[in-house]
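# Architecture and fold: a report
Spelled out from the first residue to the last, the chains are:
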Amino acid sequence: MKKILLIGNGAREHVMAESLKNSRYDVELYVLGGAKNPGIFKLSEEYVVADVCDKDAIAEFANRIRPDFAVIGPEAPIACGIVDMLLELEIHSASPLETVGQLESSKSFTRDLLEKYQIPGNPKFKVFYDEEGLEEFFIDLGEEFVVKADGLKGGKGVKVSGDHLKNIEEGISYAKECLIDSGRVVVEEKLVGQEFSLMSFCDGTYTVDMPVVQDHKRAFEGDKGPNTGGMGSYSMENHLLPFLTARDVNEASDINKKVVKALFEETGIYYKGIVYGGFIITKNGVRLIEYNARFGDPEAMNVLPILKTDFVDICEGIINKTLDQVEIEFEKKATVCKYVVPEGYPDNPVKGEKIIMGKVPADVKVYYASVDQRNDSLYLSGSRAVAFVGVADTVEEAEKSAQNAVGSVKGPVFYRKDIGTKKLIEQRIKMMKI
Ligand SMILES: Nc1ncnc2c1ncn2[C@@H]1O[C@H](COP(=O)(O)OP(=O)(O)OP(=O)(O)O)[C@@H](O)[C@H]1O
Ligand SMILES: [Mg+2]
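As the structure is a prediction and not an experimental result, all values here were calculated from the model. (Residues numbered from 1 in each chain as written. Chains lettered and ligands numbered in written order. Predicted model: local features only at pLDDT ≥ 70, side-chain atom pairs only at ≥ 80, totals over all residues. Heavy atoms only, no water.)

Turning our eyes to something else, we now look at the side chain of Asp297. Along the polypeptide, Asp297 turns up in the loop between β16 (285–292) and α11 (300–303). A polar atom in the side chain of Asp297 sits 3.4 Å from the backbone nitrogen of Arg12. Excluding anything up to four places from it in sequence, Asp297 contacts Ala11, Arg12, Gly229, Tyr339 and Arg384. (Helix = DSSP H or I, 4+ residues; strand = E, 2+ residues; numbered from the N terminus. Polar contact = N/O pair within 3.5 Å; in protein donor to acceptor, adjacent residues only side chain to side chain. Contact = heavy atoms within 4.5 Å.)

Another point: the environment of Pro67. Within the fold, Pro67 resides in the loop between α3 (55–65) and β4 (69–72). C-alpha separation for the pair Pro67 and Ile91, spaced 24 residues apart in sequence, amounts to 7.1 Å. Ignoring anything within four residues of it in the chain, the contact list for Pro67 reads Lys3, Ile4, Leu5, Ala62 and Ile91.

Surrounding ligand 1, one finds 16 residues, the nearest of these being Lys107, Glu188, Leu191, Glu195 and Glu290. In this structure, an oxygen atom belonging to ligand 1 sits 3.1 Å away from a side-chain N or O atom of Asn292. Look at ligand 1: alone it shows 610 Å² of surface, and the protein chains cover 86% of it. For the shell around ligand 1, the secondary-structure elements that each account for two or more residues are β6 (145–149), β7 (158–160), β8 (185–189) and β16. Per-element tally for the shell around ligand 1: the top contributor is β16, with three residues. Of the residues in the shell around ligand 1, the class split is five nonpolar, two polar and nine charged. Inspection of the shell around ligand 1 shows a minimum of three residues originating in each of domain 2 (124–189) and domain 3 (194–433). (Near = heavy atom within 4 Å. Areas by Shrake-Rupley, 256 points an atom, 1.4 Å probe, with all protein chains shown as cover. Nonpolar A, V, L, I, M, F, W, Y, C, P; charged D, E, K, R; others polar. Domains from an automatic or database assignment.)

Right, let's talk about the coordination of the magnesium ion (ligand 2) for a bit. The protein atoms that coordinate the magnesium ion (ligand 2) are Glu290 (OE) and Asn292 (OD1), at distances of 2.0 to 2.2 Å. Take Glu290 and Asn292: they sit in the same class, and that class is buried. (Donors = N, O, S within 2.8 Å, 3.2 Å for Na, K, Ca; no water. Buried < 20%, exposed > 50% of the residue type's maximum accessible area, 1.4 Å probe, protein only.)

A separate point is the domain arrangement of the protein. Splitting the protein by domain gives domain 1 (2–95), domain 2 (124–189) and domain 3 (194–433). Placing a centre on the C-alpha atoms of domain 1 and another on those of domain 3 gives a separation of 21 Å. Carbon and sulfur atoms make up 63% of the surface buried where domain 1 meets domain 3, a total of about 2300 Å² over both sides. Its largest share of buried area at the contact with domain 3, domain 1 owes to Ala11, Arg12 and Pro38, together 23% of the area lost on that side. With a closest N to O distance of 2.8 Å, Glu316 and Lys2 form a salt bridge. The tally of links between domain 1 and domain 3 comes to 12 residue pairs in polar contact (both at pLDDT 80 or more). Put simply, the parts of the chain that give the side of domain 1 that touches domain 3 at least two residues each are β1 (2–7), α1 (11–21), α2 (38–43), β4 and α4 (75–79). (Buried area = accessible area lost by both parts, 1.4 Å probe. Salt bridge = Lys/Arg side-chain N within 4 Å of Asp/Glu carboxyl O.)

The structure is reproduced here in structure tokens:
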């Protein structure tokens with residue numbers, strides 16, 4: 001029997017909970033989340049609703065249940081040192097310590113790390129601690145630039161020229177805002193190409209890659225509208241993407257490996273957990289957009305449902321630095337994930353309204369996120385509501401299943417029909433050829 005503490009309450013954590021419960025071990029799941037997730041609740045032995053950064057609440061719960069290990073879903077608890085606190089209680093986690101978690105929580109840390117250890121993938125960039133040289137660097141970059149607040153901003157800290165910033169003046173003033181806010185800002189060249197996510201399991205020295213996935217950040221079809229937490233994603237049965245070659249994926253995989261090695265050289269601490277590289281394939285090859293120190297959401301729902309290996313073995317391999325002894329395999333299946341979200345999401349989402357789910361096809365998996373369940377009815381609670389994942393031999397079939405399911409939800413919601421469709425994928429391939 002394995003007692004496992006899971007922290008977080010989104011659809012990512014729902015699929016993580018499902019994978020842990022699918023283990024050959026008899027798993028008892030103890031969950032702490034900011035809200036009660038009906039899907040995770042059903043899989044849990046005990047479910048505590050508390051802030052995922054509340055050290056006292058987590059310490060009290062962890063000391064009471066004494067889990068065999070812990071797994072952290074979202075980034076905030078990693079950045080505020082929950083893994084470090086649990087380690088002081090002699091509870092190990094398949095998630096990174098705060099120091100190496102800077103891979104996500106500090107954009108400047110990561111850009112500097114790649115530069116210092118001569119790891120390829122950085123765009124032209126500069127970290128500013130004051131306004132000196134700021135204007136000159138913007139002029140040097142021209143109209144194509146990106147300004148990044150250094151710390152965690154829930155996906156709202158990055159502003160891209162052309163999308164969020166009209167001209168250099170707006171860029172400079174946002175950079176100054178960031179300097180006032182955190183004393184540090186990253187300004188970098190704007191890269192053009194197709195983004196993809198390469199997540200790797202990591203035990204501090206050894207990494208194992210998952211199939212690459214493409215997320216869709218923009219709220220509306222055709223990649224229009226504001227950035228969101230991600231409206232959905234797809235992966236292919238060959239574990240590549242239509243606009244990527246195996247060589248491109250190897251280039252990204254190599255960067256993940258080198259970064260893990262550099263993290264230990266730089267900090268003396270092993271990075272244990274998920275290394276989530278946000279990459280972009282450009283005309284000049286693979287470049288790094290950012291790192292996250294956890295599974296992606298939605299990307300976790302593309303990789304974990306097709307994982308053939310026992311997820312408990314992988315977590316213990318990460319913790320015990322024996323990941324190279326775990327044979328990790330994924331099914332050769334395509335997956336399409338589509339989120340249904342409240343009207344007005346991301347800026348002004350409808351809350352408290354009832355939604356009704358239609359009949360969900362057998363080959364579709366359902367993962368709950370920001371919904372409340374009362375008397376068997378579901379109510380929107382303000383962010384991405386429910387994710388539907390089609391799993392099939394081809395992306396066309398997987399897309400059809402996911403579309404049937406997401407299309408059957410009734411209520412004040414919307415979703416992106418185009419995710420995983422032939423038309424959108426062809427547009428992406430074409431875009432890379434221009
Ligand atoms: N150098 C760049 N060139 C072009 N686009 C960029 C660049 N950096 C960031 N972006 C765009 O901005 C988005 C968000 O940037 P980034 O991933 O660094 O921030 P984040 O807030 O940490 O995002 P997330 O919530 O996905 O972790 C990227 O997905 C990409 O679309
Ligand atoms: Mg990020």
